[in-house]
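Given next are the chains, with one letter for each unit.
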Amino acid sequence: MVVNLEQISKRQNRQVILQNIELAIPPNSICGLFGPNGAGKTSLLRVLTGIWRPSSGRLSLFDEPWHVTALQRIGIVWDRPVFHETWTGLTMLQVYSKLYHGTAQKGERLFPRLGLQGSEAIAIRHYSLGMRKRLAIGLALLKDPQLLILDEPSDGLDAPSTRVLWDTLRHFAQNGKSVIVTSHHLEEAIPVYSMAMVLVRGRSIGLWSKQEEADIDLSTWLSQRLEGHHDILQL
């Protein structure tokens, strides 16, 4: 398994943030973590990436107990990425490409795939929100990670930017690679997901898998699972 969580809980300042989370993500998966703001989605990503240590439970990445070296195989894009604002996006991709691969060519090839063509001479401080998020994903992809983790990547994006995002993720989740995406938009990119978990107040209220639940699509499953929870989710 790329990710395996067993009874993961997190407590902080006597508050239960995550409670008994179980999740196993195989290769070639796009897993959606759904829930309202404050449900525990970002908290779970902090545990996965080692920012927080779980209070209890077991966490494995790439079939090994969690270790800091696993971060070398993970690309991470947080909700508000930080850049060298006076650089162009192309320059950042070239520099990171040289750092990771010894050549700028991979970054140069990735630039148009992110839908950034035409902005070669534009400083990042002038980028729209959609352009910034696509650039952040590109920088994460340059690591050639086995697991890509994205925190609310489509929040605030327009329709064209959202399409580029999901096309990029669909292309990435091949050859043994996987993606974890958090979102509070339940209707978003339903056909793309191969797995989904819904979090409410730090607890999982259900886990869906396309492979194991072939008789029910994700949209229907979400509607059934969230019956009685709409007042909590407020989506």
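Bear in mind the structure is a predicted one, so any value in this text is a computation, not a measurement.

Colleague: Explain the overall build of the protein to me, using residue names and the numbers behind them.
Modeller: The secondary structure content of the protein amounts to 7 helices and 10 strands. In summary, the protein has a C-alpha radius of gyration of 18 Å against a globular reference of 18 Å for 235 residues, a match within 12%. Dimensions along the principal axes, computed over C-alpha positions, put the protein at roughly 50 × 35 × 35 Å. In the protein, buried positions account for 50% of the 235 residues. Sequence-distant contacts, at least 24 apart, represent 67% of the contacts inside the protein between residues at least 6 apart. If you sum the accessible surface of the protein, you get close to 11800 Å²; carbon and sulfur atoms cover 47% of it.

Colleague: Account for the sheet that holds strand 2 (residues 15-25), naming residues and giving values.
Modeller: Read from one edge of the open sheet, 4 strands run 2-1-4-5, paired in antiparallel fashion. With one partner strand each, in any of the chains shown, strand 2 and strand 5 (64-65) form the two edges of the open sheet. Both strand 4 (residues 56-61) and strand 5 contribute to a ladder of 2 bridges, which runs antiparallel. Note that in strand 5 the partner of Leu 61 across the bridge is Glu 64. On top of the sheet, helix 1 (residues 41-48) reaches strand 1 (3-12), strand 2 and strand 4; it is set at about 65 degrees to strand 2, its chief contact.

Colleague: Go over the environment of Pro 36, please, and point to the residues and values.
Modeller: Structurally, the position occupied by Pro 36 is in the loop between strand 3 (30-34) and helix 1. Each C-alpha atom of the pair Pro 36 and Asp 151 lies 13 Å from the other, and the pair is 115 residues apart in sequence.

Colleague: Requested: an account of the sheet that holds strand 9 (residues 195-200), with residues and values cited.
Modeller: What the 6 strands build is an open sheet, ordered 6-7-8-3-9-10; its pairing is mixed. At either margin of the open sheet sits one strand with a lone partner, and together these are strand 6 (74-77) and strand 10 (203-209). Taking each pair of neighbouring strands and ignoring which way they run, the sheet shows an average axis angle of 15 degrees. Bridge count for strand 3 against strand 9 is 4 bridges, and the pairing is parallel.

Colleague: Could you give me a rundown of helix 3 (residues 105-113), with the residues and numbers involved?
Modeller: Residue pairs spaced three or four apart in an α-helix point in one direction, given the helix's 3.6 residues per turn. Inspection of helix 3 places Gly 107, Leu 110 and Phe 111 among the buried residues, and these make up the whole buried set. Seen end-on, helix 3 carries its buried residues on one side only, within an arc spanning 115 degrees. Looking at the residues trailing helix 3, positive phi occurs at Gly 115, about 75 degrees.

Colleague: So what about helix 4 (residues 129-141)? Which residues, and what values?
Modeller: Its 13 residues give helix 4 an end-to-end C-alpha distance of 18 Å, which sits within 8% of 18 Å, the value for a rise of 1.5 Å per residue. Those residues of helix 4 that fall on the buried side of the exposure criterion are Gly 130, Met 131, Arg 132, Lys 133, Arg 134, Leu 135, Ala 136, Ile 137, Gly 138, Leu 139, Ala 140 and Leu 141.

Colleague: Mind laying out the packing of aromatic side chains, listing which residues take part and the relevant values?
Modeller: Enumeration according to the criterion identifies 3 aromatic pairs in this entry. Ring geometry for Phe 34 against Tyr 193: centres 5.2 Å apart, planes inclined by 70 degrees, an arrangement best described as edge-to-face. Highlighted residues: Phe 34 in strand 3 and Tyr 193 in the loop between strand 8 (178-183) and strand 9, separated in sequence by 159 residues. The class for Phe 34 is buried, based on a relative accessible area of 0%. A centroid spacing of 5.6 Å and a plane angle of 70 degrees characterise the contact between Trp 166 and Tyr 193, whose relative ring orientation is edge-to-face. Here Trp 166, found in helix 5 (residues 159-172), pairs with Tyr 193, found in the loop between strand 8 and strand 9; they are 27 residues apart in sequence, far enough to count as distant.

Rules behind the numbers
- Residues numbered from 1 in each chain as written.
- Predicted model: local features only at pLDDT ≥ 70, side-chain atom pairs only at ≥ 80, totals over all residues.
- Heavy atoms only, no water.
- Helix = DSSP H or I, 4+ residues; strand = E, 2+ residues; numbered from the N terminus.
- Rg over C-alpha atoms; globule rule 2.2 N^0.38 Å.
- Buried < 20%, exposed > 50% of the residue type's maximum accessible area, 1.4 Å probe, protein only.
- Contact = heavy atoms within 4.5 Å.
- Areas by Shrake-Rupley, 256 points an atom, 1.4 Å probe, with all protein chains shown as cover.
- Pairing = 2+ DSSP bridges.
- Axes fitted to C-alpha atoms, helices over the stretch in contact; angles between N-to-C directions.
- Arc of directions from axis to C-beta.
- Expected span 1.5 Å × (residues − 1).
- Phe/Tyr/Trp six-rings, centres within 6.5 Å; stacked < 30°, edge-to-face > 60°.

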